[in-house]
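Summary of structural features
The lines below spell out each chain.
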Amino acid sequence: MSSQLIRAFFLALLSVIVALPVGWFVAYWAGWTIVCIGLGLQLIFHFRNFARLDRWSHKPVVDASLEGEGAWDGLFGRLYRHEKDLRAQIARRDDELAMLIAAGQALTDGVVLLDQLGQIIYCNTTAETQLDLVMATDRGQPVVNLVRQPEFIGYLEAGDYSRPLTMRSDRRSDRVLSIHVVPYADNRRLMQIKDVTQTDRLDRMRRDFVANVSHELRTPLTVLAGFLETLQEFDVAPDERKRYLDMMAAQSKRMQSIVQDLLTLSSIESAPPPENEVVDMASLIDKLHRDADALSAGRHNIVVETAGQCDLRGSEPELVSAFGNLVANAVRYTPAGGTIRIAWKSGLEGGEFLVQDTGIGIDAKHLPRLTERFYRVDRGRSRDAGGTGLGLAIVKHSLNRHQAQLDIKSTPGVGSSFAARFPANRLVGL
Ligand code: ADP
């Protein structure tokens, strides 16, 4: 029994003990009056404290102002401490929950939690962007009502989550998402969403590249194998034999060029940042001029111009390869009698290496794809000109590694200009 009850019992007993002799010796009614007064005083005492407790319990913030009388004071103290502990516990849980939510928001992967019915319990901001969800309004909605792609609905409903689902984002079709569902606690599901656009693009590029290389090498190999078979099986006249051998030599030279360009590309891609050696531009331009003359064999008018005295800081082999490809293209794609201008200009605004020709030109629709590997405007013409389709890819990579931009301008039938622009901090002798 609590002390409060024992106390109340003793007070009631006390008023009875006092009332009994009074009722017996004085008057019956006087005894009853004493009992009633005793019990009434107790009632008033308890009612006052109860009223205090009632008022206190209505306050939104429980404070330490609750003071009672007698045993009520101890009770109020205990109540206040319980309330305080509970509030501290709730505040701690709130903090922990806020930290968990903040951690969820900080994830670079999207996270969506679904209940047993597939309704959204939570999603972080990354998932909001990826799946076009709004947590504030979409909470409690079935996710399949909001992400309507059939492959997503099929994947979620099939229930086989051993492999992630890869799909294009509904909102931005250039984004590719990988969705992995992990069941947890009583058929709830956690969806982890990764943006795999980059990996998907690299995968596709790798597949395309392998297919392109195989295709490029297959043609000369087929020709070679065909001629070899003919020479082995038939008695071929000497002049015909020589013609076959010349064609075989041309095809193997073509394969050599492809392999050589592939090796150059891969060495540029995997090499560490280019050396910062000083490349003497005067002698480099001179060498390019001689190479152009040799390749043109007098069919073109080749002009060289320089303005400014600066040299370039970078990797000489890479720059020779990049500039050499631009010059070789100008010669190959300019009909006899045309003019080719090779220019180097340097100053405070940076350096510009320019190759301009009056050749066949390129239609504007091809310009954005020109630096892709194996991309050609006219496959037959490129092959006849001894091209591999890798020249401009090499140029782009080498220039990127020197923080330079390639600017291509061209008009079909009029000519093209390829400008490589270097930042001023790559110049030596400013
Ligand atoms: P290729 O070995 O075929 O020349 P490139 O990567 O060097 O490959 O060039 C890609 C394509 O760009 C070429 O096939 C050609 O169609 C076009 N091209 C490059 N340079 C010129 C130019 N100076 N004039 C016209 N077309 C050009």
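Note that the structure is predicted; figures quoted are calculated from it, not measured.

On the surface, Ile6, Phe9, Phe10, Leu13 and Ile17 cluster together into a nonpolar patch covering about 480 Å² of accessible area. Note on placement: leucine 13 falls in helix α1 (residues 3-26).

Here we come to the site of the ligand. In the vicinity of the ligand lie 21 residues, with Asn329, Tyr333, Ser382, Thr388 and Gly389 positioned nearest. One nitrogen or oxygen atom from the main chain of threonine 388 is found 2.8 Å from an oxygen atom belonging to the ligand. Broken down by secondary-structure element, the contributors of at least two residues to the shell around the ligand are α11 (316-332), α13 (391-401) and β12 (415-422). Here the shell around the ligand gets three residues from one element, more than from any other, and that element is α11. For the shell around the ligand, the per-class residue count stands at 10 nonpolar, eight polar and three charged.

Put simply, an interface is often sized by how much accessible area is lost when its parts join up. Assigned domains of the protein: these are domain 1 (3-88), domain 2 (107-195), domain 3 (204-270) and domain 4 (277-428). Residue-level contacts link 14 residues of domain 3 with 15 residues of domain 4. Of the roughly 1400 Å² buried between domain 3 and domain 4, counting both surfaces, carbon and sulfur atoms make up 65%. Counting across the domain 3 and domain 4 interface gives three salt bridges. Two residues, arginine 376 and glutamate 216, come together in a salt bridge whose shortest N-O distance is 2.6 Å. Summed over the shared surface of domain 3 and domain 4, the result is seven residue pairs in polar contact (both at pLDDT 80 or more). Only α8 (197-233) and α9 (238-270) provide two or more residues apiece to the side of domain 3 that touches domain 4. Taken together, the residues of the side of domain 3 that touches domain 4 sort by class into six nonpolar, four polar and four charged.

In this section: the environment of serine 296. Tracing the chain through its elements places serine 296 in helix α10 (residues 281-296). We classify serine 296 as buried; its relative accessible area is 1%. Each C-alpha atom of the pair serine 296 and valine 35 lies 132 Å from the other, and the pair is 261 residues apart in sequence. Among all residues touching serine 296, those that are not within four sequence positions of it are Ile302 and Val331.

This brings us to the packing of α9 against α13. Where α9 contacts α13, the axes come no closer than 10 Å and their chain directions differ by 20 degrees. Relative to α13, the element α9 is oriented roughly parallel. Crossing angle aside, the handedness with which α9 passes α13 is left-handed. Here α9 contributes Asp261, Thr264, Leu265, Ile268 and Glu269 to the contact with α13, which in turn contributes Ala393, Ile394, His397, Ser398 and Arg401.

Taken together, the side chains of Glu275, Glu277, Asp280 and Glu316 make up a negatively charged region of the molecular surface. Among the residues examined, glutamate 316 registers a relative accessible area of 30% and is labelled partly exposed.

The next thing to look at is the packing of aromatic side chains. Taken as a whole and assessed by the stated rule, the structure comprises eight aromatic pairs. Plain terms: the ring middles of tyrosine 155 and tyrosine 161 are 5.5 Å apart, the flat faces sit at 65 degrees to each other, and that makes the pair edge-to-face. Owing to a relative accessible area of 11%, tyrosine 155 belongs among the buried residues under this scheme. Clustering of aromatic rings is evident, with ring pairs tying together Phe323, Trp344, Phe353 and Phe422. Arginine 373 extends its terminal NZ or CZ atom over the ring of phenylalanine 209, reaching a point 4.9 Å from the ring centre.

Take unusual backbone geometry next. Backbone geometry follows two general trends: most residues other than glycine have a negative phi, and most peptide bonds adopt the trans configuration. At aspartate 132, a residue that is not glycine, the phi angle is positive and equals roughly 60 degrees. Along the chain, aspartate 132 falls in the loop between α4 (125-131) and α5 (135-138). Of the residues examined, aspartate 132 reaches a relative accessible area of 48% and is grouped as partly exposed. Its identity as a non-glycine residue notwithstanding, glutamine 403 has a phi of 55 degrees, on the positive side. The topology assignment puts glutamine 403 in the loop between α13 and β11 (405-411). Exposure remark for glutamine 403: the relative accessible area of 47% places this residue in the partly exposed category.

Because each turn of an α-helix spans 3.6 residues, side chains separated by three or four positions in sequence point in the same direction. Look at helix α2 (residues 28-57): 44 Å from first C-alpha to last across 30 residues, which is about the 44 Å you get at 1.5 Å a residue. Taken as a whole, α2 has its buried residues at Ala30, Gly31, Val35, Gln42, Asn49, Leu53 and Trp56.

Take serine 178: it is sitting in strand β4 (residues 176-184). Relative accessible area serves as the criterion here: at 12%, serine 178 is assigned to the buried category. Sequence-distant contacts of serine 178, that is, excluding residues within four places in its chain, are made with Pro164, Leu165, Thr166, Gln192, Ile193, Lys194 and Val196.

The rules behind these values
Residue indices begin from 1 for each chain and proceed along its sequence in written order. Whole-chain, interface and lining totals are the exception, using all residues; otherwise, since this is a predicted model, local features are given only for residues with pLDDT of at least 70 and side-chain atom pairs are given and counted only at 80 or more. Working from all heavy atoms in the structure, the side-chain values ignore hydrogens and water. A residue counts toward a patch only above 30% relative accessible area and without a salt bridge, and it is joined to like-charged neighbours within 9 Å or, for Val, Leu, Ile, Met, Phe, Trp and Tyr, to nonpolar neighbours within 5 Å. The Shrake-Rupley method, run with a 1.4 Å probe, gives the accessible areas here. Residue values count only the displayed protein chains as cover. Within this document, salt bridges are pairs made up of a side-chain nitrogen of Lys or Arg and a carboxyl oxygen of Asp or Glu, the two lying within 4 Å of each other. Secondary structure follows DSSP: runs of H or I at least 4 residues long count as helices, runs of E at least 2 residues long count as strands, and numbering of each begins at the N terminus. One heavy atom suffices: a residue is near a molecule or strand as soon as one of its heavy atoms comes within 4 Å of it. In protein, a polar contact means a hydrogen-donor-capable atom and an acceptor-capable atom, both N or O and within 3.5 Å, with residues adjacent in sequence counting only if both atoms are side-chain atoms; elsewhere, any N or O pair within 3.5 Å suffices. Under the convention adopted here, Pro, Cys and the residues Ala, Val, Leu, Ile, Met, Phe, Trp and Tyr are nonpolar, Asp, Glu, Lys and Arg are charged, and Gly plus all remaining residues are polar. Residue ranges assigned to the domains are those given by an automatic or database domain assignment. By the convention used here, residues are in contact when the closest approach between their heavy atoms is within 4.5 Å. Accessible area that two parts lose when put together, with a 1.4 Å probe and added across both, is what the buried area reports. For the exposure calls, accessible area comes from a 1.4 Å probe over protein chains only, and a residue counts as buried if that area is under 20% of its type's maximum, exposed if over 50%, partly exposed in between. A fitted line through C-alpha atoms represents every axis, and for helices the fit uses only the stretch in contact; the resulting angles, taken between N-to-C directions, go from 0 to 180 degrees. Any angle that is under 35 degrees is reported as roughly parallel, and any over 145 degrees as roughly antiparallel; angles of 65 to 115 degrees are reported as roughly perpendicular and all others as oblique. Whether a crossing is left-handed or right-handed is set by the direction in which the near helix is turned from the far one by less than a right angle, anticlockwise for left-handed and clockwise for right-handed. For the purpose of charge, His is not counted, nor are the chain termini; Lys and Arg are scored as positive and Asp and Glu as negative. Just so you know, the charge point we use is NZ for Lys, CZ for Arg, CG for Asp and CD for Glu. Stacked, tilted and edge-to-face are the three classes applied to pairs of Phe, Tyr and Trp rings, where Trp contributes its six-membered ring and a pair requires centres within 6.5 Å; stacked means planes under 30 degrees apart, edge-to-face means over 60, and tilted covers the rest. Each ring is checked for a lysine NZ or an arginine CZ that lies within 6 Å of its centre and within 35 degrees of its normal; such an atom marks a charge sitting over the ring. In a helix, the anticipated span is given by 1.5 Å times the number of residues less one.

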